[in-house]
Amino acid sequence: MYGWRAKIGHVAPSRGDTLVYEFYQMMPEGFMMLNSTGTIRQLVDADFDRQLQRIEEAAQDLVENKCDAIIIGGSPLFTKLGYGSDIEMEKKLTARFGVPTSPGITGEIAALKSLKIKKLVVATPHEDSLNDRMKAFLEASGFNVLKIQGYGVRKNADLTDMDIHAAYRIAKNRKAHYVLLDIDAPAAAVAELERQTGLNEDVIRYMTVRVDEHENGPSAMMRRSERDRERGGDRDRGDRGDR
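What you are looking at is a predicted structure, and each value in this text was computed from that prediction instead of being measured.

Cut-off values and rules
- Residues numbered from 1 in each chain as written.
- Predicted model: local features only at pLDDT ≥ 70, side-chain atom pairs only at ≥ 80, totals over all residues.
- Heavy atoms only, no water.
- pLDDT = per-residue confidence, 0-100.
- Contact = heavy atoms within 4.5 Å.
- Core = buried A, V, L, I, M, F, W, Y, C linked by side-chain atoms within 4.5 Å.
- Buried < 20%, exposed > 50% of the residue type's maximum accessible area, 1.4 Å probe, protein only.
- Helix = DSSP H or I, 4+ residues; strand = E, 2+ residues; numbered from the N terminus.
- Salt bridge = Lys/Arg side-chain N within 4 Å of Asp/Glu carboxyl O.
- Pairing = 2+ DSSP bridges.
- Right-handed = clockwise from strand over helix to strand, strands pointing away.

1. Notes on the confidence of the model for the chain
Parts of the model with low pLDDT should not have their predicted coordinates read in detail.
Moving on, step 1. Summing up the model confidence of the chain, the mean pLDDT is 87 and the portion of residues at 70 or higher is 90%.
Moving on, step 2. This model gives residues 236–243 a pLDDT under 50, and the stretch forms one contact once residues within four places in sequence are excluded.

Structural data, given as structure tokens:
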């Protein structure tokens, strides 16, 4: 049976394709997403207002389709309305429909606070005007926003064209630790490892390569590092050898 653990309703601000894809990557078997497509096509106030007017209708449809909880997507909707508007919407719709209902931004704020995070650097795809609203909302929620920067995207369809690692460029995070794991395991175990790795925000990229047999000794990267250190040591000693 589909959704035997839970059916999660989602009031998407636009089409919601990316979120549905990511939902099924993150969640274990037994969860199902019921998605309600939204009306936002341009990240502008006119489209935000139109979407805000249809949230209750969309939530009603999800409840009639037996969802167990509802998430209302679209942080710019609530940063436009201002601090506290998400909590007000949550209380109103939960009381009306009898199903736990929460804007996505409410959960994001709660998650940050549960991690005891106080200072933020925020990367968004949005224009400056929307970033200013987000900054004000976060500060009213008790955070110190050290920096917020976006890519200036206005057309909603262009969001899916962005590199999934675009946020790291704004944060200017170009350094990383590289780890090589030799694994002898069945395909199901490797698939679960990839799923868990994909959920870890500290892992920027990963790659799984099937080989006929594992190499013995240091990896190619380690051998290269060792050669570089040896060459650097020779230069430091001034030993340039015979000419």
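2. Some remarks on the nonpolar core
Moving on, step 1. Val11, Ile55, Ile70, Ile72, Leu77 and Leu138 are the most contacted members of the largest nonpolar core, which totals 30 residues.
Moving on, step 2. Those elements giving two or more residues to this core turn out to be α2 (45–64), β3 (69–72), α3 (75–81), α4 (85–97), α5 (104–114), β5 (119–124), α6 (128–140) and β6 (144–150).
Moving on, step 3. Take this core: its biggest share by element is six residues, from α2.

3. With respect to the pattern of salt bridges
Moving on, step 1. Per the stated rule, a full pass over the model turns up nine salt bridges.
Moving on, step 2. For Asp47, the salt bridge is made with Arg50, and the minimal N-O distance between the two is 2.6 Å. Of this pair, Asp47 and Arg50 are both found in helix α2, three residues apart, which corresponds to roughly one turn of the helix.
Moving on, step 3. Close ionic contact of Glu56 with Lys92 constitutes a salt bridge, the shortest N to O distance being 2.7 Å. You can see Glu56 sitting in helix α2 and its partner Lys92 sitting in helix α4, a full 36 residues away along the chain.
Moving on, step 4. Its relative accessible area of 23% is what places Glu56 among the partly exposed residues.
Moving on, step 5. On the basis of relative accessible area, Lys92 is assigned to the partly exposed category, the value being 47%.

4. With respect to the pairing of β5
Moving on, step 1. Here β5 shows a clear split, with Leu120, Val122 and Thr124 buried on one side and none of Lys119, Val121 and Ala123 buried on the other.
Moving on, step 2. With six bridges connecting them, β5 and β6 associate as parallel partners. The residue bridging Ala123 from the neighbouring strand is Gln149, located in β6.
Moving on, step 3. As for the winding sense of the linkage, the β-α-β connection from β5 through α6 to β6 is right-handed.

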